Amino acid sequence: MKYSKATNYALHTMVILALTSQEKSISVESLAEMQSLSSTYLSKILTKLVKAGLIVSNPGVNGGYRISKHPQEISFLDVIYAIEGQTSLFSCSSEHKDSLHKEGCLIEQVMIEAENNMKKELGNRYIMDIAKQVKEKGE
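Treat the numbers as computed from the prediction; the structure is a model and nothing was measured.

Rules and cut-offs
Along each chain, residue indices are assigned from 1 in the same order as the chain's sequence is written. Where totals are concerned, whole chains, interfaces and linings use all residues; where local detail is concerned, this predicted model gives features only for residues with pLDDT of at least 70, and gives and counts side-chain atom pairs only at 80 or more. Think of the side-chain values as coming from all heavy atoms in the structure, minus any hydrogens and water. Secondary structure elements follow DSSP: runs of H or I no shorter than four residues count as helices, runs of E no shorter than two count as strands, and numbering proceeds from the N terminus. A 1.4 Å probe rolled over the protein chains alone gives each residue an accessible area, and that area as a share of the maximum for its type sets the label: buried under 20%, exposed over 50%, partly exposed in between. Lines fitted to C-alpha atoms define the axes here, with helix axes fitted over just the stretch in contact, and angles between the N-to-C directions of these axes take values from 0 to 180 degrees. Geometric relationships in this document are graded by angle, where less than 35 degrees denotes roughly parallel, more than 145 denotes roughly antiparallel, 65 to 115 denotes roughly perpendicular, and other angles denote oblique. Here is the rule for handedness: rotate from the far helix to the near one, and if that takes an anticlockwise turn smaller than a right angle the crossing is left-handed, while a clockwise turn gives right-handed. Contacts are assigned to residue pairs with any non-hydrogen atoms lying within 4.5 Å of each other. Whether two aromatic rings pair depends on their centres lying within 6.5 Å, for rings of Phe, Tyr and Trp, where Trp uses its six-membered ring; planes under 30 degrees apart make the pair stacked, over 60 edge-to-face, and the rest tilted. To estimate the expected span of a helix, count its residues, drop one, and scale the result by 1.5 Å.

(A) Spatial organisation of unusual backbone geometry. If you check the backbone angles, Ser-36 has positive phi at about 55 degrees while not being a glycine. With respect to the element layout, Ser-36 can be found in the loop between α2 (28–35) and α3 (39–51). You can call Ser-36 exposed: its relative accessible area is 67%.

(B) Layout of the packing of helix α1 (residues 5–18) against helix α6 (residues 127–137). One way to put it is that α1 packs onto α6 with a least axis distance of 9 Å and a crossing angle of 65 degrees. With respect to their mutual orientation, α1 and α6 come out roughly perpendicular. Classified by chirality, the crossing of α6 by α1 is right-handed. Contacts between α1 and α6 involve Leu-11, Met-14, Val-15 and Ala-18 from the first element and Ile-127, Met-128, Ile-130, Ala-131 and Val-134 from the second.

(C) Region of the structure containing the packing of aromatic side chains. Tallying each qualifying case throughout the model produces one aromatic pair. Ring geometry for Tyr-9 versus Tyr-41: centroids 5.8 Å apart, planes at 85 degrees, classification edge-to-face. With Tyr-9 in helix α1 and Tyr-41 in helix α3, this pair connects stretches of sequence that are 32 residues apart.

(D) Region of the structure containing α1. With 14 residues, α1 extends 20 Å between its outermost C-alpha atoms, agreeing within 8% with the 20 Å of an ideal straight helix rising 1.5 Å per residue. In terms of residue burial, α1 counts as a mostly covered element, since ten of its 14 residues are buried. Along α1, the residues that are buried comprise Ala-6, Thr-7, Tyr-9, Ala-10, Leu-11, Thr-13, Met-14, Val-15, Leu-17 and Ala-18. Buried residues in α1 make contact with α2, α3, β1 (55–58), β2 (64–67), α4 (76–84) and α6.

Rendered as structure tokens:
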């Protein structure tokens, strides 16, 4: 699991959309302006979020993007997977041939366990919870 700038923008976009009424769509230009980035770059991110079913695209003059029907069920991990896929942060490239590594690389086992803990935490953190906190703080 890796985190790029695209993931950063996707998470922020999801919070913005969560704070917006589900009946209202926000244009890619408005979303890009709010985050000070290129609308072309953000369009690529939005396409991934649409494909993952996290947001919907509304075509037409008043079109744009809005969060999916069940925003309270969208976790940080859902957004990360939509943008980055499900790749691991660490993969041992060493070829261990000694008897100490019969069950695989011990370092890799530690990294996998840590990553699984991180996935569990991110899977239990929801975009709507953050959106509510932002709203309460008036940001």
